[in-house]
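This is what each chain is made of:
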Amino acid sequence: MSLLSLAIAAPRPLGPPGRPVLGNILDFGRDLNGFLERCAREYGPIVKLRMVHRAAYLIADPELNEYVLLGNYRNFVKHQMFFSRVRRVFGWGLLSADGDQWRKQRRLAAPGFHRDRIAEYGRIMSDYAAELVGEWRDGEVRDMYVDMRDIASKVVARALFDEDVAGDVAEVGSAMDDLLGGITERMLHPLVAPDWAPTRNVRRYRRAVARIDKLVARFMSQHRKNLDERGTLLAMLMQARDEDGKPMPDAQIRDEAVTLFVAGHDTTATALSWTLYLLTQHPQWQATLHAAIDQTLAGRAPQAADLAVLQAVEWTVRESMRLYPPVSLVARQAVDDCEIGGYPIAAGSLIYISPWAMQRDPRYFNDARDFKPERWSDGLDSRLPRYVFMPFGGGPRTCIGDRFAIMEAVLLLASFVQQFEFEYAGDKPPKPFASITLIPVGGVPVRLKRRSGATGK
Ligand code: HEM
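These remarks concern the structure in this document.

The rules behind these values
Residues numbered from 1 in each chain as written. Predicted model: local features only at pLDDT ≥ 70, side-chain atom pairs only at ≥ 80, totals over all residues. Heavy atoms only, no water. Helix = DSSP H or I, 4+ residues; strand = E, 2+ residues; numbered from the N terminus. Rg over C-alpha atoms; globule rule 2.2 N^0.38 Å. Contact = heavy atoms within 4.5 Å. Areas by Shrake-Rupley, 256 points an atom, 1.4 Å probe, with all protein chains shown as cover. Lys, Arg positive; Asp, Glu negative; His and termini not counted. Charge placed at Lys NZ, Arg CZ, Asp CG, Glu CD. Pairing = 2+ DSSP bridges. Axes fitted to C-alpha atoms, helices over the stretch in contact; angles between N-to-C directions. Donors = N, O, S within 2.8 Å, 3.2 Å for Na, K, Ca; no water.

A few points about the overall build of the chain
Phase 1 of the analysis: The number of helices and strands found in the chain is 17 helices and 12 strands.
Phase 2 of the analysis: A compact globule built from 457 residues should have a C-alpha radius of gyration of about 23 Å, and the chain, at 22 Å, falls within 12% of that.
Phase 3 of the analysis: Principal-axis analysis of the C-alpha atoms gives the chain an extent of 70 × 55 × 45 Å.
Phase 4 of the analysis: Contacts in the chain between residues at least 24 apart in sequence constitute 73% of all its contacts with a sequence separation of at least 6.
Phase 5 of the analysis: Carbon and sulfur atoms make up 53% of the accessible area of the chain, which totals about 19,800 Å².
Phase 6 of the analysis: Separation of charge centres in the chain, based on 60 positive and 56 negative side chains, amounts to 4 Å.

Focus on the environment of Ile25
Phase 1 of the analysis: By the secondary structure assignment, Ile25 is in helix α2 (residues 25–43).
Phase 2 of the analysis: Separated by 109 residues in the primary sequence, Ile25 and Gly134 have C-alpha atoms spaced 46 Å apart.

Some thoughts on the sheet that holds strand β4 (residues 141–143)
Phase 1 of the analysis: Pairing is antiparallel across the open sheet formed by three strands, whose spatial order is β4-β12-β9. One side of each edge strand has no neighbouring strand; the edge strands of this open sheet are β4 and β9 (420–424). Averaged over all neighbouring strand pairs, the angle between strand axes comes to 40°, with direction disregarded.
Phase 2 of the analysis: For β4 and strand β12 (residues 445–450), the ladder comprises three bridges, and the chain directions are antiparallel. Within the sheet, the bridge partner assigned to Val141 lies in β12 and is Arg447.
Phase 3 of the analysis: With respect to the sheet, helix α12 (residues 250–281) is in contact with β9 and β12, its orientation differing from that of β9 by roughly 80°.
Phase 4 of the analysis: Helix-sheet contacts for helix α17 (residues 402–419) involve β9 and β12, and the interaxial angle to β9 is about 90°.

A word on the coordination of the iron atom of the ligand
Phase 1 of the analysis: With respect to protein ligation, the iron atom of the ligand binds only Cys399 (SG), at 2.3 Å.
Phase 2 of the analysis: With respect to the secondary-structure elements, Cys399 resides in the loop between α16 (380–383) and α17.

So this is what it looks like as structure tokens:
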């Protein structure tokens, strides 16, 4: 059936009313996840939205998610409007590239994330966890979001660059804050000043990119001195050769390195921050974890080889990512006219899939809003339709770092919980704010209580 006859014959999907001119764009800025969740429940499985003049659709159905992310993925490319606004950060790296260029880059980067390779990074993760836990004092209150960002940036920097960013953490942290601020602005605001504009915000954003670029350039030049002896992700990118035997241009290596650095640390940091917050709200589950960890590890520090037996820790991370998916929105743009679920979709339309809304859907999860890690203990994973639980996205563009992230989250959390109990020390809960990751606004202030007899050496 042609699109024209479909357009005439098919009913239009319904959706919430939008504002004159702006459409639903302000709803996105105010409370993106809450808004999309309400839309999915009220109007799903396809919800009609509008972003200023552009048609947009929220898809909230496992089969249709699969169709967009896998079945017809070539017709649904990355959100070009957004990525063109943040080209300065991500360039044409894996996250933002499309088509043949993306396919080639993904092929070249994939070996760096192979299971065996990831296992080697387990040591880095355990070492940094021990270092952080060594700094924690009994009874002190610390913002876990700050600590998790620091540790996650150290882990990814070591795996990527073989560099200890300890000396640069303050520099990297503040550059990242400015960078994420700039990215969020470009993601959520309809009218953002162009990159050349001499405004304060744009200047801060440009400076942040320049600082990260400088760091990456330094790491690249250090690598050149002894490339063959390095076992890092950066070395792998620098040594990669395409079918014609050509290396990646330096600019492309920079784009991939910055992409992996940005994509690889704030995601894991938010996952761990929300997990620790949830643990403070569920002391009984903390006790369950203590017992499981003590029994499995008998006081020694967790290692990559323990992953398979630290199941209760993994359920905890999964459950936390179900309720607070670090990437709470997956966005695409239709290349050609097409149809989704019988509805005509015009070329250029924006397509949104909300892991937040899917993973809180009571059709798939009992007590969907409750934190119940034990729900993952009896094969829920294999009973759920695919493309319901999707913290790492899905299809060919699924997260390349998913194994890395799970291993990191499980090893770090096991080390923390082995030695400490966590008590929430804030006046009100952190507020989830959907930027490029799901930021806990207000931080996650936690009082640390050393467990008696904890060693973990
Ligand atoms: C809990 C941690 C993480 C979460 C929840 C997460 C989530 C995601 C999601 C949902 C996507 C797909 C986005 C889309 O389809 O538009 C993605 C892609 C990606 N992630 Fe992750 N991620 C995490 C950790 C990491 C780590 C540790 C790395 C690297 C070290 C990484 C690197 C990437 C890259 C490069 C892509 C783009 C892949 C491609 O398009 O080929 N992520 N991630």
